[in-house]
Amino acid sequence: MTMETQIVGCSKDGLSRAKKYIEEGEAVAFHTETVYGLGANAFSDEAVLKIFALKGRPADNPLIVHVHRDYELSRLIDGEPSYAAALRKAFLPGPLTMVYPSTGKVSKYVSCGLDTLAVRVPSSPAAQAFLREVDLPVAAPSANLSKHVSPVTARHVFDDFNGKISLILDGGACSGGIESTVLDCTGKIPQILREGLVTREMIAAVAGDCLVYKRKEGEKPKSPGMAYKHYAPRCKTAYCHSAAEAKALYAKESEQNGKPCILCESKAAAELAGYDVLDLGGTGEAMAQRLYALLREGERRCTLLIGIEPTLRGGVMQGVLNRFTRAFGGNYEA
Ligand code: TXA
Ligand code: MG
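The structure presented is a predicted model; accordingly, all values stated were derived computationally and were not measured.

**Re the pairing of strand β10 (residues 191-194)**
Here three bridges tie strand β9 (residues 181-184) to β10, and the two strands are oriented antiparallel to one another. The residue of β10 that forms the bridge with L183 is I192. Between β9 and β10, which pair antiparallel in sequence order, lie six residues. On the question of chirality, the crossover connecting β10 to the parallel strand β11 (residues 211-212) by way of helix α7 (residues 200-207) is right-handed.

Set out below in C-alpha cells:
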C-alpha cells in the first residue's frame, strides 16, 4: 500500500495527528536524541507486527519500548536490582536502554520470544512531546529499512519510508547520532549488550561495576540485533587501516572510472589533501554525531566508500567503532 508521507514539526497539530495514527495502530516516525525511531502502540500485536513488516526486520530481533518518564517505565517492570534504580536516576531520560525480566504487559511480539523487555526514556524535547501526547508505551526500532544506515534526520527517514508511512515528526538532526546503550539489568552486575553514548565508565561510576557482553564463538547473541549485518551504505565499501592503503584503493577505483570517497577521522583526513574525503571529526562525540549522516552522504555520491579505521579508543568511541566496522562489513565487537 502506498500513501503520502508527510514531514511535520512537533506543533500542536503535528502531535495530535501523531497521536491519532498511533491510536489507529499506524506507525509514526519520531525524533530522539540518538536516532529517529519508527514507533507503534506497544500494547497492540497488529501495530507491533506492522513495524517488522515495514522495516523488513527479522522476526527474532526484539524492539525497545519507549515511554516519556521513569514512572511509566516502572509500571512496565516488576521490581529491579538497586543498581538499576540508581542508573535510572543518573541517566534517564537519556540514551540508555534497560533490559528487565518481562512482565507480559506489552504485546508479546515486542520481545520476540525472549523473557526480557527493553525499555527506554528518550530525552529529546521532540521525543518527550510525542510520548507525552500519545500517552502509551511506544515500541520503536530505528526508523531505517533493516540493514540500512540508521536515520539522524527526518529526510533520512523519508528516503527509506516514503509512501510507506503517513507521518514523520521532525525534531531536527539527532544530537547523539548513534543508538542508545543497551544494558542488561537482569543480573547481579549490569552488562552492556550494545555500546552507545552512555559508556561503560559512566555506568560503572554509578553501579560500582559494569561488564561488556562479548559473544562466544557459535553462541546465540544476547542482543539479537548484534548478530545482523547492519548500518550498511548502498554502495561498494572497502575497509582499511591507513591513509596509504586508502590512497591505493582510491587510485584503483578511479582508474576503473568509479567515484571513490574516503570516510575517516580528522587525523587521517589531514594526510588526504586532494582526495574526496568525508571527515568524521576528532572526538568520539563528533564522530558519533556525524557517522550515519556521512555514511548516507557517501552512498549518495560515490561508487566506492573507503573507510579508514579510526585510531581513537575509549568512551563513546567503543560504540562508534562497533557501528563503523559493521557498516563496512566487519564484525568488530568491543
Ligand atoms: O537509540 C535507540 O535505541 C533507538 C531509538 C529509536 O530509541 N532505537 C534502536 O532500536 O536502536 P533498534 O531496534 O534499532 O535496536 C534495538 C536493539 C537491537 O539490537 C535489539 O536486538 C536489542 O536492542 N534489544 C531489544 N530488546 C531486547 C531484549 N529484550 N534483550 C536484549 N536485546 C534487546
Ligand atoms: Mg536499528
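**Quick look at the sheet that holds strand β13 (residues 260-264)**
Sheet architecture is open: four strands sit in the order β12-β15-β13-β14, paired in parallel fashion. Edge positions in the sheet fall to β12 (236-240) and β14 (277-279), since each has one partner strand and no second. Strand-to-strand twist of the sheet, defined as the mean angle between neighbouring strand axes without regard to direction, takes the value 20°. Strand direction decides the pairing type here: β13 and strand β15 (residues 304-308), joined by four bridges, are parallel. Directly across from L263, in β15, lies its bridge partner G307.

**Thoughts on the site of ligand 1**
Not every one of the 28 residues close to ligand 1 is listed here, only the nearest: T34, N61, H66, R120 and S180. One of the side-chain nitrogen or oxygen atoms of R57 is found 2.8 Å away from an oxygen atom of ligand 1. At 2.9 Å from an oxygen atom of ligand 1 is found a side-chain nitrogen or oxygen belonging to S142. About the coverage of ligand 1: the protein hides 98% of its 680 Å² of free accessible area. Listed by contribution, the elements that provide at least two residues to the shell around ligand 1 are β4 (64-66), β6 (116-120) and β10.

**Brief notes about the environment of R323**
Here R323 is to be found in helix α11 (residues 317-327). Looking at R323, its side chain comes within polar contact range of the main-chain oxygen of E195, at 2.6 Å.

**Regarding the domain arrangement of the protein**
Often, the extent of an interface is quoted as the loss of accessible area upon association of its parts. Along its sequence, the protein is organised into domain 1 (6-212) and domain 2 (236-328). Computed from C-alpha coordinates alone, the two centres of domain 1 and domain 2 are separated by 28 Å. Between domain 1 and domain 2, the residue contacts involve 23 residues of the former and 14 residues of the latter. Contact with domain 2 buries surface across domain 1, with V149, I178 and E195 losing the most and accounting together for 36% of the total.

About the cut-offs
Residues numbered from 1 in each chain as written. Chains lettered and ligands numbered in written order. Predicted model: local features only at pLDDT ≥ 70, side-chain atom pairs only at ≥ 80, totals over all residues. Heavy atoms only, no water. Pairing = 2+ DSSP bridges. Helix = DSSP H or I, 4+ residues; strand = E, 2+ residues; numbered from the N terminus. Right-handed = clockwise from strand over helix to strand, strands pointing away. Axes fitted to C-alpha atoms, helices over the stretch in contact; angles between N-to-C directions. Near = heavy atom within 4 Å. Polar contact = N/O pair within 3.5 Å; in protein donor to acceptor, adjacent residues only side chain to side chain. Areas by Shrake-Rupley, 256 points an atom, 1.4 Å probe, with all protein chains shown as cover. Domains from an automatic or database assignment. Contact = heavy atoms within 4.5 Å. Buried area = accessible area lost by both parts, 1.4 Å probe.

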